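# Examining the three-dimensional arrangement
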Amino acid sequence: MPTTTQKSGPHYSVFDIAGPIMVGPSSSHTAGACKIGQMARALFHGTPEKVTFYLHGSFATVYKGHATDRALVGGILKFKTSDPRIKNSFDFAKKENIKYEFITTDLGEKYHPNTVKIVLEKWDRQPMEITGSSIGGGMIKIVKIEQFDVDLTGVAGQFKTLVVWHNNNQQNLDALCKEVEKLRIRIHDIQTTKVDKHALSIINTSGRRLKLSEVLEMEDLEGIAEVRSLTSLEK
Amino acid sequence: MYKYAFTNSEELLALCKKHKAPISEIVINYEMEYSKDGRKEVMAKMKKTRDVMDEAIAKAIEKPEKSAFGMAGGDAPKLFKALTSKKKMLSSPLVNRAMAYAAATGETNSAMGRIAAFPTAGGSGVVPGVVLAAQHDWKVSEEKAIRALFNASAVGIIIAEGATLSAAAAGCQAEVGAAVAMAASAATEMRGGTPEECLNASALALKSYLGLACDPLGGLVAVPCIKRNMLGASTAYAASDASVLGVESFIPFDEVVMAMKNIGKIMSSKLRETALGGLAVTKSGIMIRKKLGLPPLKPNEID
């Protein structure tokens, strides 16, 4: 599966190491899990009705004691890692009518031991599948979005990220990038994964975040299926 | 385009030399470049982190809480009594205070209280223990203490770049071990040591944690994590003392980090935060498993 990346500069912010400020007990199993949940919710866009968590590796064996389950649900509810409501996230999910389920599984050796596959469902659309790994100290990585292997690093963000589902045609992506630059948003790097006729690109940008109306206009461009605009993660 | 970027200690020391600056100053600039924030914002953010550390410590000392199954809670106030006790203590008041603070942070974390994961929640006690105890005991200035936290972060960045900060990937050496290495360097800058002495202290400290298993009872961050943080704080000072007295690590810090990565690769997954080895499968560990409702261990799961 071809994945292309252009990247430069340091990988970590000081505040990836000095933090996150979080509710205990585990940075990887609690704070990281919360962040993966946040990312899944942002990528799904909207309130899911049902969320299923497939827990892999150490997530599968010790998730209860670390409150990984409560943190994942907390992330889906957009709670920050320092939000004391994580402790009671199940109650909040019930209030929002979000059903949740935890299934322990083995996703295979290629995945980091702290990995979860999240399936989000809503009646009026296709379910979305997102796989994320908690790589230590509260840092996370989204490694798969639907059928696409990706490397979406959720370190305390210096960038605002656009996730674009498009067809496998570079010209269409170039046209979108031109639109982005027209809005005076600087593109830092682009990572594209292609599977058959489909492709997914992760575009890291600096400058302001796109407005919803601008995102929707981009979805009208030729060959572009969906666009999501993610804010930089909380430090 | 990045003038203050570094991924290992060699590059960091070169930057210190070039700018004739301590590690903390390089890291503050690194973060300003990375986040495009000004010095004021970056310093304020670290101060906020420091304040969270302070609160977490105070909480466990003033209002101790027992965590699930009585595995954690209540030791921090006992340790804090060292400062007023008539019993003769063998360690200095500074070390006693740091041990109390480190344990306090771990106890607050275990009780799902708010902490700063520095660098991780499992190893979150050592750096605040060492830095805040020094601030309170030596009356070190606020700015110096905050700078020490930047210094510690530099060591964390080097370990994250060269190896990992995840116990699930490399065991406790990557969490408490990393934290002690970070704290040793921070303490060395606070006492006026050179950048070389800082990273030499980190090398001395990390070497003595290589190979440490992550084997928490029931997979909970409590036993042995909190007490490892407590004793880690005293090791950090000891490493710093040795370093400023001129004891040089034969192995440079970057190589120690490589060794840590190598050991992580060889280490069985049973010793990497899965609660399937070491202390987690002792009689006491199995009792906690049962109480937690974890599935019983199959004979082939225990060696």
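Being a predicted model, the structure only gives us computed values, none of them experimental. (Residues numbered from 1 in each chain as written. Chains lettered and ligands numbered in written order. Predicted model: local features only at pLDDT ≥ 70, side-chain atom pairs only at ≥ 80, totals over all residues. Heavy atoms only, no water.)

## Considering the interface of chain B and chain A
Quick reminder of the rule: The contact criterion used throughout is that any non-hydrogen atoms of two residues lie within 4.5 Å. Here the quantity called buried area is the total loss of accessible area, with a 1.4 Å probe, experienced by two parts when brought into contact, counted for both. Polar contact is defined as a pair of N or O atoms within 3.5 Å, subject to the rule that within protein one atom must be able to donate a hydrogen and the other to accept it, and that residues adjacent in sequence are counted only when both atoms are side-chain atoms. Elements are defined by DSSP. Helices are runs of H or I of four residues or more, strands are runs of E of two residues or more, and each kind is numbered from the N terminus.
Taken together, the 49 residues of chain B in the interface contact 43 residues of chain A. Carbon and sulfur atoms make up 63% of the surface buried where chain B meets chain A, a total of about 3,600 Å² over both sides. When the buried surface of chain B facing chain A is broken down by residue, Tyr 34, Met 112 and Glu 273 of chain B rank first, second and third, together holding 21% of it. Where chain B packs against chain A, one counts 13 residue pairs in polar contact (both at pLDDT 80 or more). Listing elements by their share of the side of chain B that touches chain A, those giving two or more residues are α2 (23-35), α3 (39-62), α5 (93-110), β1 (114-116), α7 (142-162) and α8 (167-170) of chain B.

## A word on the nonpolar core
Applied cut-off: What makes a nonpolar core is a set of buried Ala, Val, Leu, Ile, Met, Phe, Trp, Tyr and Cys residues whose side-chain atoms join them at distances within 4.5 Å. Working definition: with a 1.4 Å probe on protein chains only, accessible area under 20% of the residue-type maximum means buried, over 50% means exposed, and in between means partly exposed.
Core analysis: the largest hydrophobic core is formed by 103 residues, its most contacted members being Phe 150, Ile 159 and Phe 253 of chain B. Sort the elements by how many residues they give to this core and α7 of chain B lands first, with 12 residues. Among the nonpolar cores identified, the runner-up in size contains 42 residues, and Phe 79, Val 116, Val 150 and Leu 230 of chain A belong to it.

## Some points on the confidence of the model for chain B
Applicable threshold: The predictor attaches a confidence to each residue, and that confidence, scored 0 to 100, is pLDDT.
Per-residue pLDDT for chain B averages 95, and the proportion of residues at 70 or more is 100%. Here the predicted complex scores 0.85 on pTM and 0.94 on ipTM.

## Some details on the environment of Thr 120 of chain B
Assignment of secondary structure puts Thr 120 of chain B in the loop between β1 and α6 (126-138). Side chain to side chain, Thr 120 of chain B and Glu 175 of chain B meet in a polar contact 2.6 Å long.

## Description of helix α13 (residues 283-292) of chain B
Residue and element names in this part refer to chain B. To keep things clear, this is the line we draw: Taking the helix axis as origin, the arc is that swept by the directions to the C-beta atoms.
If you check which residues of α13 are buried, you get Gly 285, Ile 288, Arg 289 and Leu 292. For α13, the angular spread of buried residues about the axis comes to 105°, placing them on one side. Away from the buried face of α13 by more than 90 degrees, exposed residues Lys 283 and Lys 290 are located. Just downstream of α13 lies Gly 293, where phi reads positive at about 80°.

## As for the domain arrangement of chain A
All names here are of chain A. As a reminder, the rule being used: An automatic or database domain assignment supplies the residue ranges for each domain. The working definition used for a salt bridge is a side-chain nitrogen of Lys or Arg within 4 Å of a carboxyl oxygen of Asp or Glu.
Taken domain by domain, chain A holds domain 1 (17-153) and domain 2 (157-230). On a C-alpha basis, the centroid separation for the pair domain 1 and domain 2 is 24 Å. In this assembly, 15 residues from domain 1 lie in contact with 13 residues from domain 2. Summing both sides of the interface, domain 1 and domain 2 together bury roughly 1,100 Å²; the carbon and sulfur share of this comes to 73%. The interface formed by domain 1 and domain 2 contains zero salt bridges. Listed by contribution, the elements that provide at least two residues to the side of domain 1 that touches domain 2 are α2 (27-44) and β8 (148-153).

## Some remarks on the sheet that holds strand β7 (residues 139-145) of chain A
Residues and elements named next belong to chain A. Put simply, the test is: Being paired, for any two strands, means DSSP has found at least two bridges between them. Axes, fitted as lines to C-alpha atoms, cover a helix only where it is in contact. Angles between the N-to-C directions of the axes lie from 0 to 180 degrees.
With respect to topology, six strands assemble into an open sheet ordered β4-β3-β5-β6-β7-β8, the strand pairing being mixed. Unpaired on one side and paired on the other, β4 (99-105) and β8 mark the two borders of the sheet. Shown here is a sheet whose adjacent strand axes are inclined to one another by a mean of 20°, direction ignored. For strand β3 (residues 50-57) and strand β5 (residues 114-121), the ladder comprises eight bridges, and the chain directions are antiparallel. The residue of β5 that forms the bridge with Thr 52 is Val 119. Sheet strands in contact with α2 are β5, β6 (128-136), β7 and β8, and its direction is about 150° off that of β6. Contacts between helix α4 (residues 68-76) and the sheet are confined to β3, β4 and β5, with β3 contributing the most and set at about 135° to the helix.

## Considering the pairing of strand β10 (residues 186-195) of chain A
Residues and elements named next belong to chain A. For β10, the buried fraction is high: eight of the 10 residues fall into the buried class. Bridging between β10 and strand β11 (residues 198-206) involves nine bridges; their strand directions are antiparallel. Within β11, the position partnered with Thr 192 by the bridge is Ser 201. Between β10 and β11, which pair antiparallel one after the other, the connecting turn spans two residues, and Asp 196 there sits at a positive phi close to 50°.

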